[in-house]
Amino acid sequence: MGQSDWVLTTSAREDTLVLMVENLEFLIQQAAGQPEHPRGGLYKELLRSQTFLLCVDKPLKEGVESRVSRGSRDFAVWADRDPELGGVWVPVFPARDEVGEFVKARGLRPPKGKEFLWMEHRPGEVFSLLRGVRYFAGLRLYLDDSTQVAVPWTLVKSLSDGRVPEDGPERYELPVSRLVIPEGVRVSYDEVALGDGGAPGRLLRLPAAGKFAADDLRKLVRLNLGRHGVVWMACRHFLQVLRYTGGDAGRCVEDILRSFIGFEMFGEAEALCEWLARKGNEAFAWVCQAAIYGRTGRLSECAALCRRAAAKYPAERSFRVNGARALAALGRREEARQFARLGLEAVPDDAALTALLKDLEGKPGESR
């Protein structure tokens, strides 16, 4: 080594890790206590800090103290289901001691033949792993039951790509044709920061529809009320209002599902799809579920579902389109072409399938 090189000793490294944990814990406390506070520093710290999960697995061998993730593997991770919206949130801990405190505070007991284990993950590694959890809505940075910070799917996606998420509220357009507020229902208005450095927007509330937390103002939907101007709603409150005002139960549920997808709340949407399929609306549920798998990068699951669905509902061409796209993205182009051709046999002259097949067969340098 040259004279300018240096070595980080074991004790110095441990001191550095302690400082990083303390800094991350401080940023979590700050975000939990001040939901409106900028979170860029928190997201940066998350990308450079090791994290811990509560897992359920076989007992460790004697003398082994922990499980350290070395990449993607199957493991059972503890998650909490949202009782209102159905998605699951995975607690993520900045230090291993907090995993034990979580188990103790809740009085948890592992299944027979299993035990609770804390699993350590290297910086930035946990985010891509968690995106494979079924119904994954997001993670909750956990210090204790009163100090938690939600990081929804959209932000976990950015972190899994190694990017610091934008700090302003996520803003969405109306995902359904309209929102009807019955005459005589009391509404109230407030101000909400839009995160663009400009004037605040008007926030619409329907107190009778339900309550939402200050943290929910980080995900907003825009409504144009015509002569009354533009207003904003917390996406979670918008969903509460859909339920409150929904007359036709079937239409209401479908609007909620479309809204979940429009708001990129894919874990909640996945859970609702499975519920719809069990209740007899399987074809519509599978159409939406295939789209969810495609948009969240779960291509193998998308292809498998579309094969199954196309066999059962041959007239629904979206299964052929989404399935072929998933197969092509997986590098299985000949399977994709064959899958699309079979779709055209069932639905001749379909414009979308014809265009897709032409694209699949028209790549230069590709054998047919």
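Keep in mind that this is a model prediction, so the values were computed, not measured. (Residues numbered from 1 in each chain as written. Predicted model: local features only at pLDDT ≥ 70, side-chain atom pairs only at ≥ 80, totals over all residues. Heavy atoms only, no water.)

Caption draft 1: Geometry of the overall build of the protein. When helices and strands are counted, the protein shows 13 helices and 13 strands. Counting every position in the protein, which comprises 368 residues, the buried fraction comes to 45%. Expressed as a percentage of contacts within the protein between residues at least 6 apart in sequence, the contacts between residues at least 24 apart total 62%. (Helix = DSSP H or I, 4+ residues; strand = E, 2+ residues; numbered from the N terminus. Buried < 20%, exposed > 50% of the residue type's maximum accessible area, 1.4 Å probe, protein only. Contact = heavy atoms within 4.5 Å.)

Caption draft 2: Fine view of the pattern of salt bridges. Applying the stated criterion to the full structure yields 25 salt bridges. Here Glu301 makes a salt bridge to Arg298, at a shortest N to O gap of 2.9 Å. Salt bridges sharing common partners tie together Glu334, Arg337, Arg341 and Glu361. (Salt bridge = Lys/Arg side-chain N within 4 Å of Asp/Glu carboxyl O.)

Caption draft 3: Local environment of the packing of helix 8 (residues 266-278) against helix 9 (residues 282-295). Contact pair helix 8 / helix 9: the axes reach a minimum separation of 8 Å and the direction vectors enclose 155 degrees. By the angle class used here, helix 8 and helix 9 are roughly antiparallel. In this structure, the crossing between helix 8 and helix 9 has a hand that is left-handed. From helix 8, Phe266, Ala269, Glu270, Cys273, Glu274, Leu276 and Ala277 reach across to helix 9, where they touch Glu282, Phe284, Ala285, Trp286, Cys288, Gln289, Ile292, Tyr293 and Arg295. A per-class count over the contact of helix 8 with helix 9 returns 11 nonpolar, 1 polar and 4 charged. (Axes fitted to C-alpha atoms, helices over the stretch in contact; angles between N-to-C directions. Parallel < 35°, antiparallel > 145°, perpendicular 65-115°, else oblique. Left-handed = near helix turned anticlockwise from the far one by under 90°. Nonpolar A, V, L, I, M, F, W, Y, C, P; charged D, E, K, R; others polar.)

Caption draft 4: Molecular detail of the side chain of Glu274. Within the fold, Glu274 resides in helix 8. Dropping the residues within four chain positions of it, Glu274 is found in contact with Arg134, Tyr135 and Gln289.

Caption draft 5: Region of interest: the sheet that holds strand 8 (residues 147-152). With mixed pairing, the 4 strands of this open sheet are ordered in space as 4-5-7-8. Each edge of the sheet is formed by a strand with only one pairing partner; in this case those strands are strand 4 (80-81) and strand 8. Bridge analysis of strand 5 (residues 88-92) against strand 7 (residues 136-144) gives 5 bridges, and the strand direction is parallel. Bridge pairing links Val88 to Phe136 in strand 7. In this fold helix 5 (residues 153-160) packs onto strand 7 and strand 8, with an angle of close to 75 degrees to the strand it touches most, strand 8. (Pairing = 2+ DSSP bridges.)

Caption draft 6: Representation of the layout of surface pockets in the model. Estimates place the volume of the largest pocket at around 740 Å³. Together, 37 residues line the largest pocket, and Trp89, Arg140, Ala150, Asp215 and Asp216 are the ones closest to its centre. At the level of secondary structure, the elements contributing two or more residues to the lining of the largest pocket comprise helix 1 (10-33), strand 4, strand 7, strand 8 and helix 5. Per-element tally for the lining of the largest pocket: the top contributor is strand 8, with 5 residues. Considered class by class, the residues forming the lining of the largest pocket number 15 nonpolar, 5 polar and 17 charged. (1 Å grid on protein atoms, 1.4 Å probe; cavity = no way out; pocket = protein on both sides within 12 Å on 5 of 7 lines; lining within 4 Å. Points joined across faces, edges and corners; volume = space filled by probe spheres on them.)

Caption draft 7: Representation of empty space enclosed by the protein. On inspection of all chains with the given rule, the structure shows 2 cavities of 30 Å³ or more. As a volume, the largest cavity reaches approximately 50 Å³. Along the walls of the largest cavity sit Arg131, Val133, Phe136, Trp153, Phe266, Gly267, Glu270, Ile292, Thr296 and Arg298, which together make up its complete lining. Residues of the lining of the largest cavity, tallied by class, amount to 5 nonpolar, 2 polar and 3 charged.

Caption draft 8: The arrangement of the nonpolar core in detail. Of all hydrophobic cores here, the largest spans 63 residues; its most connected members are Leu130, Leu141, Phe238 and Leu257. When near neighbours in sequence (up to four residues on either side) are disregarded, Leu257 contacts Ala269, Leu272, Cys273, Leu276, Phe284 and Cys288. Counting 23 residues, the second-largest nonpolar core is a separate cluster that includes Cys302, Ala303, Ala310 and Phe339. (Core = buried A, V, L, I, M, F, W, Y, C linked by side-chain atoms within 4.5 Å.)

Caption draft 9: Representation of the confidence of the model for the protein in the model. Looking at the protein as a whole, the pLDDT averages 87, with 88% of positions reaching at least 70. Every residue in residues 1-13 is under pLDDT 50, and counting partners more than four places away or in other chains gives 2 contacts. Contacts for the low-pLDDT stretch residues 364-368, under 50 throughout, to residues beyond four places or in other chains number 7 contacts. (pLDDT = per-residue confidence, 0-100.)

Caption draft 10: Summary view of the packing of aromatic side chains. Per the counting criterion, the structure on display carries 9 aromatic pairs. Ring geometry for Phe93 and Tyr142: centres 5.5 Å apart, planes at 70 degrees, overall edge-to-face. Taken as a pair, Phe93 in the loop between strand 5 and helix 3 (96-106) and Tyr142 in strand 7 lie far apart in primary sequence, 49 residues in all. The exposure class of Phe93 is buried, given its relative accessible area of 0%. Ring geometry for Phe238 versus Phe263: centroids 5.7 Å apart, planes at 80 degrees, classification edge-to-face. Of this pair, Phe238 sits in helix 6 (residues 235-245) while Phe263 sits in the loop between helix 7 (249-262) and helix 8, placing them 25 residues apart in sequence. Taking relative accessible area as the criterion, Phe263 reaches 0% and is therefore assigned buried. It is Arg140 that lies over the ring of Trp89; its NZ or CZ is 4.4 Å from the centre. Positioned over the ring face of Phe339 is Arg320, at 4.3 Å from the centre of the ring. (Phe/Tyr/Trp six-rings, centres within 6.5 Å; stacked < 30°, edge-to-face > 60°. Lys NZ or Arg CZ within 6 Å of the ring centre and 35° of its normal.)

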